[in-house]
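# Architecture at a glance
For reference, the chains in residue letters:
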Amino acid sequence: MRPVLLAALLFAAGVATGPAFAIPFEDPATGFKVDPPAPYFVRPAKSNHYDEAVVVNSATGSPSVGLGDKYLCQVGFKAQPGSAELNQEEINLQVQQPDWLSNAAAALSQSFDITSKTTFVLDGATGIELVGLPKGGQGAGVFISMIDTPAGRTTLNCATPSDELAGAVNQFRLIRASITLPTIAPAQATSPDSPGPAANP
């Protein structure tokens, strides 16, 4: 069963049911796009906590999903109005501060033993990566990436059985590399002066 992470890191989301789609998810209005490499496929999801969300699964069943889970990874975007006051360079400088990564790892460590924590760059934005195993050894291991931009925060959350986590990390990084970060928040994209959002699931 996918453990419930702290609110600052991960939100539970309801997943839309239906057939898998082998084409990218794209919202031209916001710029949000997820186009994972084969054998992974993406489909849109419903969420009460993200403004936009998709889930990613493997057509081969490998890596395995956590016990009771319906998806391998979730990618969600949440607008953060305060971030709009900063440019990407200023946000990157914040994320690069040691306390930023340490505080996120400390929050996750309440439920998981942190096996790896680092920063990375995606589309010119510095993000943080956390990898953890469940305390006590029961449950799924997690791979979490969070990237802040002036538009808001994009979060990738993946979970797989603990004994598969180490071998899956590089696959999760490939899925992360397929994300195009939103350049505008959905609320802005649907304002009277802007065209409405359009998705290509």
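Up top you'll find the structure we're talking about.
Below: a short report on this structure. (Residues numbered from 1 in each chain as written. Predicted model: local features only at pLDDT ≥ 70, side-chain atom pairs only at ≥ 80, totals over all residues. Heavy atoms only, no water.)

## Focus on the sheet that holds strand E7 (residues 125-134)
Our working rule: The rule for pairing is simple: two strands pair if DSSP sees at least two bridges between them. Working definition: helices are DSSP H or I runs of at least four residues, strands are E runs of at least two. Numbering for both runs from the N terminus. The axes are straight lines fitted to the C-alpha atoms, using for helices just the contacting stretch, and the angles between their N-to-C directions are given from 0 to 180°. Contact definition: two residues touch when any of their heavy atoms are within 4.5 Å.
One open sheet holds the seven strands; their spatial order is E3-E4-E5-E9-E8-E7-E6, and the pairing between them is antiparallel. The sheet is open, and its two borders are formed by strand E3 (40-44) and strand E6 (112-122), each paired with just one other strand. The sheet shows a mean angle of 20 degrees between the axes of neighbouring strands, taken without regard to direction. Where helix H1 (residues 88-95) meets the sheet, its contacts fall on E7 and strand E8 (140-149), and the angle it forms with E7 comes to roughly 35 degrees.

## Focus on the pairing of E8
To keep it simple, the criterion reads: Partly exposed describes any residue whose relative accessible area lies between the buried limit of under 20% and the exposed limit of over 50%, with all areas from a 1.4 Å probe on protein chains only and scaled to the type maximum.
Among the 10 residues in E8, 10 count as buried, and that is most of the element. In E8, alternate side chains face the same way, and those of Ala140, Val142, Ile144, Met146 and Asp148 on one face and Gly141, Phe143, Ser145, Ile147 and Thr149 on the other are all buried. One ladder, built from six bridges, connects E7 with E8; its direction is antiparallel. Note that in E8 the partner of isoleucine 128 across the bridge is methionine 146. Here E7 folds back onto E8, and the loop between the two strands holds five residues, one of which, glycine 136, carries a positive phi near 90 degrees. In terms of strand pairing, E8 meets strand E9 (residues 152-161) through 10 bridges, oriented antiparallel. Paired with alanine 140 across the bridge in E9 is proline 161.

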